[in-house]
Structures are given as C-alpha cells and as structure tokens.
Amino acid sequence: MKIEKEKRIVKLMISEYSKGHDKIPLEENERLIQLLNYAYLRLDKCPFQDKKKFCSKCKIHCYKKDMQNLMKEVMRYSGPRMLFKHPILLFKHIFQRS
C-alpha cells in the first residue's frame, strides 16, 4: 500500500517538473515517461516494500546513475512546489517515511 502512495507522489512530482521545467505535459515528454516507468519498476522491486524509507536514506541504491541524476533534478524542482500545490500529501509523505 505504501508503494502505491509512493508511485502517486512520484507521478505528481514528475508531472510538475514536466509542466514547469520542460513546459510540456508529461504525456508528451518521452524522457520523463521513461523516468516514471523506471521509477515504478524500481518501486515494485524494492526489497523493503512497506518498510521503505526515502530512497536517499537507503543502503541500496538501485537506480542507474543517469536515472538517479534525473530523479534528483525532478525532486529539487518539484519538492518546493509540492508544498504549495499538495501540502497535505507532502506532509503525510514526509512524516510517514521518517
């Protein structure tokens, strides 16, 4: 169940990045669609599943370097904007993961 919530948040963040940074909808952004699908795959294969913390705090870094760098870029851009667009979801995410 936590993994599904994580997927929802990842999609929101990638979509926000696509609209604000690349200026196109996520559905038309091939690079970010690949990132989203890759993130979903990694989440599905996460060995910690319901005990999962933030990926940045994990001992196992399962993202390929290029995808990891792109995800960091997405999170740096989208994270602060989530505070204004989805504050309740963001706070639940932060406090359930810590």
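Residues numbered from 1 in each chain as written. Predicted model: local features only at pLDDT ≥ 70, side-chain atom pairs only at ≥ 80, totals over all residues. Heavy atoms only, no water.

Examining the confidence of the model for the protein
- Model confidence for the protein is summarised by a mean pLDDT of 86, while 91% of its residues fall at 70 or above.
- Per-element confidence in the protein is highest for helix H2 (residues 30-44), whose mean pLDDT is 95, and lowest for helix H4 (residues 87-97), whose mean pLDDT is 71. (pLDDT = per-residue confidence, 0-100. Helix = DSSP H or I, 4+ residues; strand = E, 2+ residues; numbered from the N terminus.)

Concerning the packing of helix H1 (residues 2-22) against H2
- Running from amino to carboxyl end, H1 crosses H2 at an angle of 165°, the nearest separation of the two axes being 10 Å. Between H1 and H2, the interaxial angle falls into the category roughly antiparallel. Like other packed secondary-structure pairs, H1 and H2 cross with a definite hand, here right-handed. Residues Ile-3, Glu-6, Lys-7, Val-10, Lys-11, Ile-14, Tyr-17, Ser-18 and Asp-22 of H1 form the contact with H2, whose participating residues are Arg-31, Leu-32, Leu-35, Leu-36, Ala-39, Tyr-40, Leu-43 and Asp-44.
- Grouping the constituent residues of the contact of H1 with H2 by class yields 10 nonpolar, 1 polar and 6 charged. (Axes fitted to C-alpha atoms, helices over the stretch in contact; angles between N-to-C directions. Parallel < 35°, antiparallel > 145°, perpendicular 65-115°, else oblique. Left-handed = near helix turned anticlockwise from the far one by under 90°. Contact = heavy atoms within 4.5 Å. Nonpolar A, V, L, I, M, F, W, Y, C, P; charged D, E, K, R; others polar.)

A look at the pattern of salt bridges
- Across all of its chains, the model carries 4 salt bridges by this definition.
- The salt bridge partner of Lys-7 is Asp-44, with a shortest N-O separation of 2.6 Å. Separated by 37 residues along the polypeptide, Lys-7 in helix H1 and Asp-44 in helix H2 bring together distant segments of the chain.
- Residue Lys-7 is classed as buried on the basis of its relative accessible area, which comes to 12%. (Salt bridge = Lys/Arg side-chain N within 4 Å of Asp/Glu carboxyl O. Buried < 20%, exposed > 50% of the residue type's maximum accessible area, 1.4 Å probe, protein only.)

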